[in-house]
Structure formats: structure tokens, C-alpha cells
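Descriptive analysis of the structure
Spelled out from the first residue to the last, the chains are:
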Amino acid sequence: MKKTLKHCESYQEHSKQFQELGEYLDSLQIDQRNPRRKDTLIMTLHRAQMIFGYLPEEVQLFIADRYGISHADVSGVISFYNFFTVTPKGKIQVNVCLGTACYVNGADQILAEFERILEIKAGQVSADGKFSIESLRCVGACGLAPVVTINSKVYGKVKVSQVREIIERFLTEDLEVEEVSHA
Amino acid sequence: MLEITSPIQLLDAYEETKSLLDLRSGKRGGPQERMILVCGGTGCQASESKQIVHEFKRLIKENGMDERISASISGCFGFCEKGPIIKIYPENVFYVSVKVADVPEIFDSHILNGEKVRRLLYEDPKLKQKIESADDISFYKLQQRVALRNCGLINPEKIEEYLATGGYQSLAKVVGGMSPKEVIEEMKKSGLRGRGGAGFSTGRKWEYASKSTSEEKFIICNADEGDPGAFMDRSIMEGDSHSVLEGMAIAGYAIGATQGYVYIRAEYPLAVSRLQIAIDQARAAGLLGKNILGSGFNFDISIRLGAGAFVCGEETALIHSLQGLRGEPGTKPPFPAESGLWGKPTSVNNVETLANVPVVYQKGADWFSSIGTETSKGTKVFALAGKINNVGLVEVPMGTTLREIIYDIGGGIKGGAKFKAAQTGGPSGGCIPEQYLDTPIDYESLSAIGSMMGSGGMIIMSDQDCMVNLARFYLEFIVEESCGRCAPCRIGNKRMFEILTNITEGRGTAMDLHELRSLAETIMDTSLCGLGQTAPNPVLSTMKYFMAEYEAHVFEKHCPAGTCQKLMHYEIIAEKCIGCTSCARGCPVGCISGSVKQVHLIDQARCIKCGACLSRCKFAAVSRN
Ligand SMILES: Cc1cc2nc3c(=O)[nH]c(=O)nc-3n(C[C@H](O)[C@H](O)[C@H](O)COP(=O)(O)O)c2cc1C
Ligand code: SF4
Ligand code: SF4
Ligand code: SF4
Ligand code: FES
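Residues numbered from 1 in each chain as written. Chains lettered and ligands numbered in written order. Predicted model: local features only at pLDDT ≥ 70, side-chain atom pairs only at ≥ 80, totals over all residues. Heavy atoms only, no water.

What follows deals with unusual backbone geometry. Residues and elements named next belong to chain B. Note that the residue after Lys332, namely Pro333, is joined by a cis bond; omega there is -10°. Along the chain, the position of Pro333 falls in the loop between α12 (315-322) and β10 (346-350). The backbone phi angle of Glu225 is positive, close to 30°, even though this residue is not glycine. Mapped onto the elements of the fold, Glu225 is located in the loop between β7 (218-223) and α10 (232-255). If you check the backbone angles, Leu293 has positive phi at about 55° while not being a glycine. (Helix = DSSP H or I, 4+ residues; strand = E, 2+ residues; numbered from the N terminus.)

Laid out in C-alpha cells, this is it:
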């Protein structure tokens, strides 16, 4: 049975976000007869993930519909690229760089320490949805290896002994700043 | 708004803007005039360089000195280890590891009273001397900056500053007075070879694309920079986007393309935003778009983002990704120069390659080819990282030796440890041992010793790094990044990874070493794309030069570098143990016995080598080897 988008509960619930995505798609002026129209698909998926935090099926259907392509075309692209996720991540996203420069400077131990303290493994989200941990490959700040990013904040030359403090400081100071600036 | 629609106007703009750089090139500068440049690259921004500029601007304003003192961000100075870095012109003073809290002191002392802040000056680790001028820092002395010529010199967000360096004049020369054929000939003569890895002649690539007949052609700038631990391309785009755009426009003219795309990885948000700013500025000025400089040549550029897939750096995969498909590689031939984006002739060029292009026309092919070795012309940027004192970006003439890069420029191995190997070429490359430190590096010499130039990542390793574990690390990367299209790459690399894991965890056998070799051969011979074809290189080169280390893991169950956790051996030194019981309480498998005030003992058969006892013992009574 083909799902129709308009009746999805989450579509109603997130109408504001869908509107934002819709406006972005409008600005692309997608011509459904143009065989090259998919060249902006990855850009759109990035935008959608920024708006929704992840790419649930309803969002995929919405995008497929606007491009005039099949759902499989969209989900196939999403599954290929590491950057895209179809499940929500934590509100606080910890990314530990495991690029070569960071790795030879002990990034694996930093990752293990985050996993130990937050009690989740890389790729998981904590039960309350607050934290998630991912490993990534080189953010290009290798001079600061090992590098950790938490949301948009970058921490360099991280030591295992600092991990707890970094988390605590982020919770007390930086999160507030972020909340204010997003308000 | 700047509008430049003819070569004459471009020259006028140059005349108008060139004084912007006078202070920086030491041509001008009353004793009262100062320019403060703060590195605004990803590394330094992470350490708050934005706030530093902000603070300087505030103080300048407060003191009413806007007229003669300015502060601005610049691209990366390359000396990332010591960031955030600020430079003050005209003296060219170089302050390192600057914090926001240091700004008032620098302002009071240096700017107001002409007294340098000595504690923030760079100290030469060998001479143990503070260095007053950036020109005297050994990190820079041996470098020759061609691709990085403007990085750290200009404000990357201002097109005027790029124009002041003579920017876009090569484009004017090319579209105004040279035929596409002449442009290609000049490029061939320069000897410039692709900096993205394979080292193919850029001139010949353009020639193929120009000879393919088609109404429509494309230029793609490959800014995927997938090698983990490399950041040359990022720094060029963050520090000097316009040079890449100018290079693309020249390439477009040469092959007959009217549209260019920059395919850039999403992990580089700052580079994306700088590029977009540059594109907007160039378009507004008329240097991109229709009828560029009145020549009738049309060329425009758009950005497309990647989404975290290493294989998308491979040109055919990149093209698929740009078309909004899964980024799986295709078969070659046909090469992109014949049939690329949407089946049209396409030249895919790397960021650093393109940044070199304007220089070839500005200074001439002869000048360019006078630098370097017989087969490899010009310079190469390396991202120096790992166990090295001066982590950063280094640009040297081809033919420089590894020893010069590591010891003279890089300042030697961190913490005085012993050099073990340099890894170049990332997951496709290999490890170079000490006996080859004096090899003059170019494309051929690096291949001859089992590594490759690659895109420029250079990771330095010391005797505390295990080569088997490093090979395992790269294989893990490959297993995650293989697109899975062909079996040898998908299954073979997985198998190699499993074997290497077994070896590093003490389960290796003599057979494993044979199997690694034969798997490597099959994978290299039968994989479809460069990812698979080169994936076994890190294993083969470490086996070639560090076989003894493999054997120690396999036969003695011992890791000489002391990094493989599972091969560690924990013991309690009876003379030192006071019987505090801390280790026994912390052992997750309860394999430490002993009661209070008695010497404790580890049951080796049950020990899982977690290291908890070592970190819990306050009396240094636990040994690990
Ligand atoms: C697995 C793989 C990854 C690659 N990644 C990159 C990359 O990140 N950047 C790049 O410029 N070239 C990369 N290349 C090389 C490109 O396929 C292509 O040769 C290059 O972009 C051509 O530009 P150049 O001639 O200027 O070097 C990669 C190749 C392979 C096989
Ligand atoms: S060699 Fe590996 S990455 Fe390349 S096409 Fe085959 S499976 Fe994909
Ligand atoms: S290394 Fe771990 S398992 Fe072994 S004795 Fe020490 S604490 Fe116990
Ligand atoms: S922690 Fe150290 S001193 Fe205490 S019982 Fe263990 S080995 Fe002995
Ligand atoms: S390897 Fe971690 S930032 Fe480059």
C-alpha cells in the first residue's frame, strides 16, 4: 500500500519543518522533466537533515515527490553515504576523529573514554536521547590531534583525563550558549 | 561594487588594490602603521581565533586607531601545531599559541609601545632562542610557496586582496590573447602533474578533453580530500579560494567548458562557506559568468557537497555522486575526458593542481618547470602530522628529501623519540622506513620504494607506533569505505582485516602471513577501481620493511612497540607491592589474588590485558611489557 504523505501524523506535527524544506526546494526550481534534476539531491538531503536532525521516511517521500523520482532512488542514496542517518541522533552529538593523525595520537583511547563515561558505544544514542557518539574521519584540524567535536564546538589535543571535564563543561556552559543563540 | 568587464579594468583594479598589501610586503609602513593578521583556518578557529580578531578590533576602535591599525583574519599560515597564530606587519612578527586573554598585552606592549611580547614569540627548539621575524623560522625557510602563495597573506573573504596579488590576470591573459590550443601547450610544457594522487599530466588531460567533440563540457574540481590526516586542499580553499576558481576558469577555456563544479566534502563547512563567498564575489565582479572580461568566454561555477564516502574521491564515483546517484565507481575507459558528467567530456582536477594553474600563466611554463626533478615539476604541499614537532602544512620543491621535511622543517620527532616510518599516500600508500630518508621525493621515487605521492598526507611515526596495527587501521578504513561493488575488494579486504586483527591480538599463525600476501595480489589484480587496487599497499609495504615486527607478533606474541593491548603482559613486581588491594578490586575478571598487606599475584591464564591494574596501582608495582 502506498503511503500518502498528507495523512501522516508526523507531517502534521512537523508542518513547520516541512514548510522550511519546501521553501528550499522551491528555490531550486526543480524541473521534473529535466533528466539532470537529481544533481541537487544530495544538497537537499543535507538541508533536510539539518532541519529535521535525521531523514525519516516521510521526509524521504516528500523529497522524492518534489523531484518526481521514486522513493527507492532517494533511500538508495541515503544508505550509501555515511553522513546521512535515518534514525535520530542525540541532542548532544559527540564526534571523535579517528583519522590517521588523530589515531596515532591515541584517539581510540579518547573514544573509549567517552563510551565509558556516557555508557553508550559509537553509533548509539543514549536512552534519554540526550547523547550520541560517532567516530569520523578527519575534520582537517590534524594539527590539533586528537580532535573531538561536540555539536559545532571543536576540542583539540584532548587527553583521556580531560574527557569528563569536557562533557561537564559542555553541559553547563556551552549548551546554554547554544540554546540562547538558537532561541 | 567592483565591476570588471575588460582586461583594462582588471589592471585598473590591480593598481587600485595593490597598495592593500604594501604593509605586508614591507613596502610601506610608517612607524605607526600596523596590520594584524590572525589565522582563520579550521584548526585555529577551533582555538578561538575569531574572538581574538574581535578583541583586537575592539581595542583598535576604543583607542581611535582605525586609520592606521587594522586587524583581520587570513588563511592558514600552515604552522598549525602552534595555533592560534597571529602576525603583525610590517615587522612580520609571529606570535604563537595566542589566547584571547593575551590580546590586551599584545596591544599595549607591541602596538602602542613597540615592545614585542617575548613570551609569545616562537622559540626555536634547537637554538632555544626566541625568533623575532617569521622569515627566520626554520619551518618556513626551506619552503617554497607556490600553491600556498596567498594562504596566510591575504584575507580570503575579500576579492580585492586577491586582485592585489595580481589575481585573475592569468585568466585575462589566457582568454584575451591565447587560443585554447596555446593554453594547453603551455600547460604541457610546464610539466604540472595532477596533485590528487595519480600524477597524470594536467596538460594532457586537458588535451584529451579538448579533443572530445561535444556541445557541452565540464570542469570538476575534486575537493573531496578523503585521505584521513590530510588537509592541504582544505587550507587552500579556506585561505585562497579565488586561485582555485581562476584555475578552473582557465581549465574551462582550455577544454571548451562553460560550467564548473566544485565537489567538496561536507566535513569542511568553513571551506564551503569561503568558496561560496569567493564565487559570489567573482560573479558580482563579472569574473565568472557571461562574457568574461569582454572575451566572449562564458564560465560559471557551482558547489556540490559530498556526504562522507571516501570512494567518492575517485573521479568516476565522484561524477556519479554529482549526478545525485550512489557514489559507486564506473569502469574506465571511457575516461571522464571522453564521457564524464552526464556523458559529456569532463576534466576532473584536484584543488592543489588548480591552485597551481594561474601561476603557470603568470610566471610562465619555463619558470614552473625549472622547479623540481626531471619527471616531477613544481612544488608539492604536504600535510605533516603524527609524531612530529611541527605539525602543519609544508610546501617544498619536488626533489626535497624526507629528511629535510621531517628534521629541518618539521623539527624532528615529538618528545625526542626515534623515527620509525613516514606514511605517505594515505590508505593507498605505504610506509617509508629510515633507510630511505634521503630519497629525493617525486612521483617515481616514492612508487619505487613501495609508497606513493598520494594527495600529500604525511604521517610520521615513532618507535612507539606498531606497524602491524597501522596496517590494520588502514584496512579497517578500507573495509568501511569499500563500496562493495566487486567481490575481491569487498570480501578480500575484510579477510585481510580479520587476519591483521588476529595477529595484533595474538592469534596469528605463520600461514596468515602467506595468506596476507596472496590476498593482496588477488585484490590488486582484480578490483575495479583505485580504492581496491591500492588497498593492500599499507600491508605490503609494512610487511616489506617491518617483517620482524609481524614475526614478533605471530611467533612471540609480542608487540615491540607496545601498542597492541592484547599482547601486553602484566605482572606485579613483588618488591614494590605493598598489598593495598586496589588492583585486585579493579580487575574486571577478578584474576588478581592476595590479601591486605600481602604481595599480589596475577593469574596470567585469566588476565584479559585490560590494563586496569596498571592504572590503579599508586606504587608503580604493576609492570607491562
Ligand atoms: C579511492 C580514491 C580516492 C581518491 N580521492 C581523491 C581525493 O580525495 N581528491 C583528489 O583530488 N583525488 C582523489 N583521487 C584521484 C582522482 O580519481 C583523480 O585522479 C584526481 O581527482 C584527478 O585530479 P588531478 O589530475 O588534478 O590529480 C582518488 C582516487 C581514488 C582511487
Ligand atoms: S574496488 Fe572496491 S571501492 Fe572500487 S568499485 Fe570495487 S568494491 Fe567498490
Ligand atoms: S590487566 Fe586487567 S585483567 Fe589482567 S590482571 Fe590487570 S586488571 Fe586483571
Ligand atoms: S595496587 Fe599495586 S601495591 Fe596495591 S596490591 Fe596491587 S600491585 Fe600491590
Ligand atoms: S586526523 Fe583527526 S583531524 Fe585530521
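Residues in close proximity to ligand 3 total 14 residues, the closest being Cys587, Cys607, Cys610, Gly611 and Cys613 of chain B. Along the lines of polarity and charge, the residues of the shell around ligand 3 split into 12 nonpolar, 1 polar and 1 charged. (Near = heavy atom within 4 Å. Nonpolar A, V, L, I, M, F, W, Y, C, P; charged D, E, K, R; others polar.)

Near ligand 4 lie 13 residues; those nearest to it are Cys577, Cys580, Thr581, Cys583 and Cys617 of chain B. Tallied by class, residues from the shell around ligand 4 come to 9 nonpolar, 4 polar and no charged.

Time to look at the side chain of Arg234 of chain B. By the secondary structure assignment, Arg234 of chain B is in helix α10. What makes Arg234 of chain B buried here is its relative accessible area of 2%. Residues in contact with Arg234 of chain B, not counting those within four places in the same chain, are Val139, Gly140 and Ala141 of chain A together with Gly41, Thr42, Gly43, Glu225, Tyr268 and Ala271 of chain B. (Buried < 20%, exposed > 50% of the residue type's maximum accessible area, 1.4 Å probe, protein only. Contact = heavy atoms within 4.5 Å.)

Turning our attention to the interface of chain A and chain B. Listed by partner, the interface residues are 34 residues for chain A and 55 residues for chain B. Interface of chain A and chain B: buried area, both sides summed, is about 3,600 Å²; carbon and sulfur atoms make up 57% of it. When residues of chain A are sorted by the area they lose upon contact with chain B, Arg36, Phe80 and Arg137 of chain A head the list and together hold 21% of the total. Applying the counting criterion to the chain A and chain B interface returns 4 salt bridges. Here Arg36 of chain A ties to Glu216 of chain B by a salt bridge, and the two come within 2.7 Å at their closest N and O atoms. Put simply, the parts of the chain that give the side of chain A that touches chain B at least two residues each are α3 (41-52), α5 (71-80), α6 (100-103) and β4 (153-155) of chain A. Grouping the constituent residues of the side of chain A that touches chain B by class yields 18 nonpolar, 10 polar and 6 charged. (Buried area = accessible area lost by both parts, 1.4 Å probe. Salt bridge = Lys/Arg side-chain N within 4 Å of Asp/Glu carboxyl O.)

Here we take up the pairing of strand β1 (residues 34-39) of chain B. All names here are of chain B. Among the 6 residues of β1, 6 are classified as buried, and the element is accordingly described as predominantly covered. Burial of β1 is two-sided: the residues Arg34, Ile36 and Val38 facing one way and the residues Met35, Leu37 and Cys39 facing the other way are all buried. Two strands pair when backbone bridges link them, and β1 and strand β2 (residues 69-74) are joined in this way by 6 bridges, in the parallel orientation. Bridging across to β2, Ile36 finds its partner in Ala71. Pairing geometry for β1 and strand β3 (residues 86-89), over 4 bridges, is antiparallel. (Pairing = 2+ DSSP bridges.)

Our next topic: the domain arrangement of chain A. Per the domain assignment, the segments making up chain A are domain 1 (5-80) and domain 2 (92-181). Relative to domain 2 of chain A, the C-alpha centre of domain 1 of chain A lies at a distance of 30 Å. (Domains from an automatic or database assignment.)

In this section: the sheet that holds β2 of chain B. Residue and element names in this part refer to chain B. Across the sheet, which stays open at both edges, the 4 strands sit in the order β2-β1-β3-β4 with mixed pairing between neighbours. Strand pairing shows two members of the sheet lacking a second neighbour, β2 and β4 (93-95), which therefore form its edges. Across the sheet, the axes of successive neighbouring strands diverge by a mean angle of 20°, strand direction being ignored. Pairing analysis gives 3 bridges linking β3 to β4, with the strands arranged antiparallel. Bridge pairing in β4 places Lys87 opposite Phe94. Helix α4 (residues 103-112) contacts β1, β2, β3 and β4 of the sheet and is inclined by roughly 25° relative to β3. (Axes fitted to C-alpha atoms, helices over the stretch in contact; angles between N-to-C directions.)

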